[in-house]
Amino acid sequence: MKTEISGVVIHMKNDEMLCVLGGDIDHHSARTVRMQIDEDLYRRRPQKLVLDLSKVEFMDSSGLGLILGRFSKASEIGAECVLLNPNENVTKILDVAGIKRLIRIERSFEKNDHR
Amino acid sequence: MITGEKISEVKAVSKKRMRKKPLNEVKMVLPSHSMNESYARAACAVFVSQINPTITEISDIKCAVSEAVTNCIVHGYRDSIGLIYINMRLYENREFRVEIKDKGCGIQNINEAMQPLFTTDRENERSGMGFTIMENFMDTLKVTSSGCGTKIVMTKKLAPLSEMRA
């Protein structure tokens, strides 16, 4: 099993805030990720918040809470929220919760095009 | 007297039916620190790997176990630290069974708790999807709860080995 460090790396590009989430997103790791994203979100006030899920290996309902929470925070400041490239397992959980009715899910084939 | 006898008889029968002999069984007791969520689901994944599951099956089981353990930590024991009891079994018919138990505060209304999006902890961004995910990702889910704790039993029958798999 791969051991990717859980957490988030944040990149700013013009008015777009890209958050690359990694590893396992559960109740334990969601807390710090949430604080990190919110701090930057309020400081930089982007027009678009992109949550890149391509490096997330595991996610449970705490991850859903994290995504829904960021979606509502982004809406508060008038930013659009988008999910990027969730893997198969993560997609399954997003589908159970019906997330795509609320939040757009983008799939790009060129990986790492933001770096 | 008679009713007492009858009850014990019924109990004996149901116990007999339950007592399929597992191929393997592991018991764990973990303190309810949130860092043990990843430990518990990883341990279940390794345990179930013994009978060669598919990647999807492992991922489903990990997720369901993570939900149940998180419930013990977040709801059962809330602001205190207590013990979480996990019992995992594998049976010959490729059935995986996991029992996750806490001695916390219990669930007041199980039907309500099992509704999608229901949560008692909105401010901490709980999505209220835990039981829904457990139900979706496992074959059976049984929840029993009282004032002195909650027990969750989940089973999942894994696909036969003979089928083509990646």
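Being a predicted model, the structure only gives us computed values, none of them experimental.

Cut-off values and rules
- Residues numbered from 1 in each chain as written.
- Chains lettered and ligands numbered in written order.
- Predicted model: local features only at pLDDT ≥ 70, side-chain atom pairs only at ≥ 80, totals over all residues.
- Heavy atoms only, no water.
- Helix = DSSP H or I, 4+ residues; strand = E, 2+ residues; numbered from the N terminus.
- Areas by Shrake-Rupley, 256 points an atom, 1.4 Å probe, with all protein chains shown as cover.
- Contact = heavy atoms within 4.5 Å.
- Buried area = accessible area lost by both parts, 1.4 Å probe.
- Salt bridge = Lys/Arg side-chain N within 4 Å of Asp/Glu carboxyl O.
- Polar contact = N/O pair within 3.5 Å; in protein donor to acceptor, adjacent residues only side chain to side chain.
- Nonpolar A, V, L, I, M, F, W, Y, C, P; charged D, E, K, R; others polar.
- Phe/Tyr/Trp six-rings, centres within 6.5 Å; stacked < 30°, edge-to-face > 60°.
- Buried < 20%, exposed > 50% of the residue type's maximum accessible area, 1.4 Å probe, protein only.
- Lys NZ or Arg CZ within 6 Å of the ring centre and 35° of its normal.
- Pairing = 2+ DSSP bridges.
- Axes fitted to C-alpha atoms, helices over the stretch in contact; angles between N-to-C directions.
- Disulfide = S-S within 2.5 Å.
- Core = buried A, V, L, I, M, F, W, Y, C linked by side-chain atoms within 4.5 Å.

When helices and strands are counted, chain A shows 3 helices and 5 strands. Counted from the first residue to the last, chain A has its helices and strands arranged as β-β-α-β-α-β-α-β. Approximately 5,900 Å² of chain A is accessible, and the part contributed by carbon and sulfur atoms is 49%.

Note on interface size: it is often stated as the accessible area lost on association of the parts. Facing the 26 residues of chain B at the interface are 22 residues of chain A. Counting the surface lost from both chain B and chain A, the interface buries some 1,900 Å², and carbon and sulfur atoms represent 54% of this. One can count 5 salt bridges joining chain B with chain A. Between Glu125(B) and Arg70(A) there is a salt bridge, with the nearest N and O atoms lying 2.9 Å from each other. Connecting chain B to chain A are 14 residue pairs in polar contact (both at pLDDT 80 or more). Elements that contribute at least two residues to the side of chain B that touches chain A include exactly α2 (36–48), α3 (55–76) and α5 (130–137) of chain B. Examining the composition of the side of chain B that touches chain A, we find that 10 residues originate from one element, α3(B), more than from any other. Across the side of chain B that touches chain A, the residue classes tally to 7 nonpolar, 11 polar and 8 charged.

Counted under the stated rule, the structure contains 1 aromatic pair over all chains. Residues Phe47(B) and Phe96(B) carry aromatic rings whose centres are separated by 6.4 Å and whose planes lie at 55° to one another, so their mutual orientation is tilted. Within this pair, whereas Phe47(B) is found in helix α2, its partner Phe96(B) is found in strand β3 (residues 95–102), the two being separated by 49 residues in sequence. With relative accessibility at 4%, the residue Phe47(B) sits in the buried group. Over the ring of Phe137(B) we find Lys92(A), and its NZ or CZ is 4.9 Å from the ring centre. The side chain of Lys101(B) reaches across the aromatic face of Tyr85(B), ending 5.7 Å from its centre.

On the secondary structure map, Ser29(A) appears in helix α1 (residues 27–44). In this structure Ser29(A) comes out as buried when scored by relative accessible area, which is 9%.

Residue and element names in this part refer to chain B. Looking at the element boundaries, Thr150 is found in strand β5 (residues 149–157). Of the polar contacts made by the side chain of Thr150, one reaches the side chain of Ser145; its length is 2.9 Å. For Thr150, the residues in contact, after removing those within four places along its chain, are Ile100, Lys101, Asp102, Gly106, Ile107, Val143, Thr144 and Ser145.

All names here are of chain B. Within the open sheet, the 5 strands sit side by side as β1-β2-β3-β5-β4. Their pairing is antiparallel. Where the open sheet ends on each side, the last strands, each with one partner, are β1 (24–31) and β4 (140–146). Between one strand axis and the next, the sheet turns through 10° on average, direction left out of account. The sheet contact formed by strand β2 (residues 83–90) and β3 spans 7 bridges and is antiparallel. Within the sheet, the bridge partner assigned to Leu90 lies in β3 and is Phe96.

Turning our eyes to something else, we now look at the state of the cysteines. Residues and elements named next belong to chain B. Under the criterion given, the structure shown has 0 disulfides over all chains. Left unpaired, Cys44 is separated from the closest cysteine sulfur, that of Cys72, by 12 Å. Residue classification places Cys44 among the buried positions, given a relative accessible area of 0%. There is no disulfide at Cys105, and the cysteine sulfur nearest it, in Cys72, is 11 Å away.

Ile86(B), Phe96(B), Val98(B), Ile100(B) and Met154(B) are the most contacted members of the largest nonpolar core, which has 35 residues in total. Looking at this core, the elements that each hand over two or more residues are β1, α2, α3, β2, β3, α5, β4 and β5 of chain B. Among the elements that line this core, the one with the most residues is α3(B), at 8 residues. When neighbours within four sequence positions are excluded, Met154(B) is seen to be in contact with Ala64(B), Val65(B), Ala68(B), Phe96(B), Arg97(B), Val98(B), Ile100(B), Met134(B), Met138(B), Thr140(B) and Leu141(B). Leu21(A), Ile25(A), Leu49(A) and Val90(A) belong to the second-largest nonpolar core, a separate cluster that totals 31 residues.

With that out of the way, let us pick up α5(B). Structural remark: α-helix, 3.6 residues per turn; residues separated by three or four positions point the same way. Counted residue by residue, α5(B) has 6 buried out of 8 residues, so it is predominantly covered. All of the buried residues along α5(B) are Gly130(B), Phe131(B), Thr132(B), Ile133(B), Met134(B) and Phe137(B). In the core, the buried residues of α5(B) are packed alongside α2 (61–76) and α3 (88–96) of chain A together with α3, α4 (110–113), β4 and β5 of chain B.

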